Amino acid sequence: MPEKRTMTLNLTDAEMTALEELSRRKDLTKTAVLRQALRLYQTVETRIERGEKLVFENDETKQKAELMLL
Amino acid sequence: MKLERSKEWWIARAAREGNHVVLAGGPVADEERESPAELRSGNLERASLSVAASDAHIAFGRFVNLMRRSRGMGIEAFAEEANLDPGEVLAIEDDVHFIPEPRTVYCLALAFKLPQERLMQLSGLSKARDVGLRAQAVRFAASADPVRELTNEEETALETFVMILSKGNHSAG
Amino acid sequence: MAPADFSPIYLVDGATGSAVAAELRQEIGAAQLTDWVTKWQPAVHEIMRELIAKGVPQDRWPQSSHWRWDQKVARVSGLLAHKGFSVTATGVCQGLMQVKLTQSARLPEQHGKPLVYVEYLETAPWNRSDCVPVRRFKGVGTALLTAAVALSEQETFKGRIGLHSLPQADEFYQDLGMCDLGPDPHYPNQLRYFEFTAEQAAAFLV
């Protein structure tokens, strides 16, 4: 396994609550949730750099709304 | 990620595979749809031409590789002499799907002292007009190992193929 | 897994039935792509020529003959969400797999939970029963699938995996006992979608 480096993360109550909720819903450890978030963020940023857009589509109305990322 | 299982475990798993095809995959990206689309369209004649064109293309890469090595030159040195980009020479030799620019084929024709049109056909840049050249190209590609030092047989095959390219005479089949 | 690291595994020689030592790597590197270009492609071309010459109907052609592994790998290079795997035996790449880690399960009992999604899995043409009468090595595809399940466990996804099967392989996944969610209307050709639950994955790895 490649070497791992450690980071300490300070979260607000609201952030920790959100993290714990995602952890419960996704049946993942909190660390795994954050890892998934990093993967998603990197993928989205890369695809946007390639010229793609990330949109949400309403399943019923088929209306699209673009998700803006900085 | 380390997987540790006994030899017997792996053998039992392989046996369970039976004679099944094991394959998984969703839709291909647009780039892959381009080649060789004919194979999925059901047009057998076009598919057959597409496969044959690929044979000539593999032969082109092998040919460039052997001609370079017969001169005892590395890719960088050959590229410099032929006034080419080393990356493109590498792509021609290694990537069976790579189609070179016309200027590149012109430079190669000059470097090898061969008719440009024949090399254009072999590279896939122009439509191959004679089936015999393709047949010769397939035979040549199959005979040449791109990695080892040229054997006497490979040198003979290379010389014969150069003659074919130069004269435009060939025997089909 | 460091680039030079691998798990020793075993395949079975298709002709003799004897065990063959092989290597499972968590990478698709230059060596594997070189083998794909210089060994897999010419073999596929030869097979396609024979199939066309024999008038074999298109639905019996190898269904991945147009795949470009160089492009698949390049497209996800550097992205944490994708990982590549390869099996090597006798110094030659025998199978390739690319997986995605950011997909969620569709089975109602595990809906929305992350799984390892097998984007592409292919074995070398000489190992496929739809390409050759006698396969050189058996067990390559199974080894790669095992790697996907093991990765899922390592990622704390509980072994869950998902994949879209190409029609020639539907029977394999059905025989493995994977949950068959049927043809996916969102995919061209409505490929069948399969998943392993955590329980099925645990049984598979035993």
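As the structure is a prediction and not an experimental result, all values here were calculated from the model. Residue numbers run consecutively from 1 along every chain, following the written order of its sequence. Written order determines the labels here, with chains lettered from A and ligands numbered from 1. This being a predicted model, a pLDDT of at least 70 is required before a residue's local features are given, and a value of 80 or more before pairs of side-chain atoms are given or counted; all residues contribute to the totals for chains, interfaces and linings.

(A) Looking closely at the interface of chain C and chain A. Counting residues at the interface gives twelve residues for chain C, matched by 14 residues for chain A. Residues are grouped as follows: Ala, Val, Leu, Ile, Met, Phe, Trp, Tyr, Cys and Pro are nonpolar; Asp, Glu, Lys and Arg are charged; all remaining types, including Gly, are polar. In the side of chain C that touches chain A, the residues fall into seven nonpolar, two polar and three charged. Two residues qualify as being in contact provided that their C-beta atoms, derived from the backbone, are within 7 Å of each other.

(B) Structural view of the pairing of strand E9 (residues 192-196) of chain C. Residues and elements named next belong to chain C. Labels follow a simple rule on C-beta atoms placed from the backbone: if 20 or more others lie within 10 Å of a residue's own, it is buried; if 12 or fewer, it is exposed; otherwise it is partly exposed. Helix numbers and strand numbers start at the N terminus; a helix is a DSSP run of H or I with at least 4 residues, a strand a run of E with at least 2. A large share of E9 lies buried, amounting to five of its five residues. Because side chains alternate across E9, one face comprises the buried residues Arg192, Phe194 and Phe196, and the other comprises Tyr193 and Glu195, equally buried. At least two bridges found by DSSP between two strands is the condition for calling them paired. As paired strands, strand E7 (residues 161-165) and E9 are joined by five bridges and run antiparallel to one another. Counterpart to Leu163 in the pairing with E9 is Phe194. Here strand E8 (residues 179-183) pairs with E9 via three bridges, running antiparallel. Following the sheet pairing, Cys179 is matched in E9 by Glu195.

(C) Seen up close, the confidence of the model for chain A. Per-residue confidence for chain A averages 89 on the pLDDT scale, and 93% of its residues sit at or above 70. Per-residue confidence from the predictor is reported as pLDDT, which spans 0 to 100. Highest mean pLDDT in chain A belongs to helix H1 (residues 13-26) of chain A (96); lowest belongs to strand E2 (residues 64-66) of chain A (79).

(D) Spatial organisation of the nonpolar core. Residue and element names in this part refer to chain C. Residues Met97, Leu144, Ala147 and Ala148 are the most contacted members of the largest nonpolar core, which totals 67 residues. In terms of residue count, the dominant contributor to this core is helix H3 (residues 140-154) (nine residues). Apart from the residues lying within four places of it in its own chain, the contact partners of Leu144 are Phe85, Val87, Gly95, Met97 and Leu121. Take the buried Ala, Val, Leu, Ile, Met, Phe, Trp, Tyr and Cys residues, join any whose C-beta atoms are within 7 Å, and the set you get is a nonpolar core.

(E) The environment of Asp170(C), seen in detail. Residue and element names in this part refer to chain C. Its location among the elements puts Asp170 in helix H4 (residues 170-175). C-beta crowding within 10 Å serves as the criterion here: with 18 such atoms nearby, Asp170 is assigned to the partly exposed category. Residues Asp170 and Asp180, spaced ten residues apart in sequence, show a C-alpha to C-alpha distance of 9.1 Å. The contact partners of Asp170, leaving out residues within four places of it in the chain, are Ser165 and Arg192.

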